[in-house]
Amino acid sequence: MLKSGINKPLWRSFIFGSCILQDKTVGETMRKAVFVLVLFVVLFALVSCCGDSDPEFNLILDANDGSGTSSTIRISASDRKVPACPFTRDGYGLAVWNTKQDGSGTVYRKGDVIPSVDNYTLYAQWGIALKESTTEWTSATYALDRDVTISERVVISGDATLYLSEGYTLIASEGINVPGESSITIDGSGVLNAIGQN
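Residues numbered from 1 in each chain as written. Predicted model: local features only at pLDDT ≥ 70, side-chain atom pairs only at ≥ 80, totals over all residues. Heavy atoms only, no water.

K.L.:
Any details on the sheet that holds strand β12 (residues 176-177)? Residues and values, ideally.
P.N.:
Strand order across the open sheet formed by three strands is β6-β9-β12, with parallel pairing between neighbours. Taken across any chain shown, the strands that pair with only one partner, and hence form the sheet edges, are β6 (136-137) and β12. Judged from the two bridges that link them, strand β9 (residues 154-156) and β12 form a sheet pairing that is parallel. Considered in β12, the bridge of Val155 is made with Asn177. (Pairing = 2+ DSSP bridges. Helix = DSSP H or I, 4+ residues; strand = E, 2+ residues; numbered from the N terminus.)

Pasting the structure below:
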C-alpha cells in the first residue's frame with residue numbers, strides 16, 4: 001500500500017482532505033464523509049423543492065377617480081405584465097397606467113412588463129371616451145377603448161392627445177382637421193383610419 005509522508009494512505013489524504021487527517025481509521029473517516037454527503041443532499045433537496053423559483057409580487061392598481069378603490073393583484077416574476085383595467089369611469093376610458101397619480105411618472109399600457117418590485121403601484125390615467133358623436137376635440141386627453149366610427153369631419157381646436165388602446169380601431173370617415181395652431185398627439189397601438197385627413 002502507498003503511504004503518504006504522515007503515515008496515511010495517499011488516496012485518503014487526497015480524497016478526504018486535510019481537515020479529517022487526524023481520523024484514526026478509514027471507517028471513521030468514511031462515516032464522517034457519508035454524513036457530510038447526506039447532509040449536503042438533504043439541504044440541496046430542501047432548497048430545490050421549497051425554494052421559490054418563481055416568486056410572486058403584489059401589483060397595486062389604483063382607480064384614480066374611477067369606480068372602486070385600489071385593487072391588489074398577485075403576479076409571478078415570470079409573468080409581470082400589466083393586466084386589463086378592472087375599473088370604469090363614467091364618460092371616460094382608460095388612456096394608460098402611470099407610476100404617479102398625476103401622470104408625471106412612467107407610463108405603462110396593458111401587456112407591458114413591470115419591474116419585480118413588491119407593492120408596485122400603477123394609477124389609472126383617464127381620457128374622455130370617444131363616441132360616434134365626438135366631432136369637436138379640444139385641448140384634452142381622449143381615449144379609445146372600443147371600436148368607434150365617426151361619420152362626420154373631426155375638428156381639433158387646441159392641443160388634443162389621443163390614446164388608442166391595443167385591439168381597437170378609430171375610423172374618422174370624413175377625416176380629421178387640425179387647423180393653424182392646433183395639434184394632435186397620438187399614442188398607443190390601436191388603429192386610426194382617418195380617410196381624407198388634412
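We are not done yet, so read on.
K.L.:
Account for unusual backbone geometry, with residues named and values stated.
P.N.:
For Asn64, which is not a glycine, the phi torsion comes out positive at approximately 50°. Following the sequence through the fold, Asn64 ends up in the loop between β1 (56-62) and β2 (71-76). The phi torsion at Asp65 lies on the positive side, around 80°, for a residue other than glycine. Its place among the elements puts Asp65 in the loop between β1 and β2.

K.L.:
Which residues make up the environment of Ala84, and what are the values?
P.N.:
Looking at where Ala84 falls in the secondary structure, it is placed in the loop between β2 and β3 (92-98). Along the sequence, Ala84 and Gly111 sit 27 residues apart, while their C-alpha atoms lie 8.0 Å from each other.

K.L.:
Break down the pattern of salt bridges for me, with residues and values.
P.N.:
Under the criterion given, the structure shown has three salt bridges. Close ionic contact of Asp187 with Arg109 constitutes a salt bridge, the shortest N to O distance being 2.4 Å. Here Asp187 is found in strand β13 (residues 183-188), whereas its partner Arg109 is found in the loop between β4 (107-108) and β5 (120-129), with 78 residues between them in sequence. Residue Arg109 is classed as partly exposed on the basis of its relative accessible area of 27%. A salt bridge links Glu132 to Arg146; the shortest N-O distance between them is 3.2 Å. (Salt bridge = Lys/Arg side-chain N within 4 Å of Asp/Glu carboxyl O. Buried < 20%, exposed > 50% of the residue type's maximum accessible area, 1.4 Å probe, protein only.)

K.L.:
Break down the packing of aromatic side chains for me, citing the residues and quoting the values.
P.N.:
Scanning the entire structure with this criterion turns up three aromatic pairs. Taking the centre distance of 6.4 Å and the plane angle of 65° together, the rings of Phe87 and Trp97 count as edge-to-face. Taken together, the positions of Phe87 in the loop between β2 and β3 and Trp97 in strand β3 put the pair 10 residues apart, joining distant regions of the chain. For Phe87, a relative accessible area of 9% gives the class buried. (Phe/Tyr/Trp six-rings, centres within 6.5 Å; stacked < 30°, edge-to-face > 60°.)

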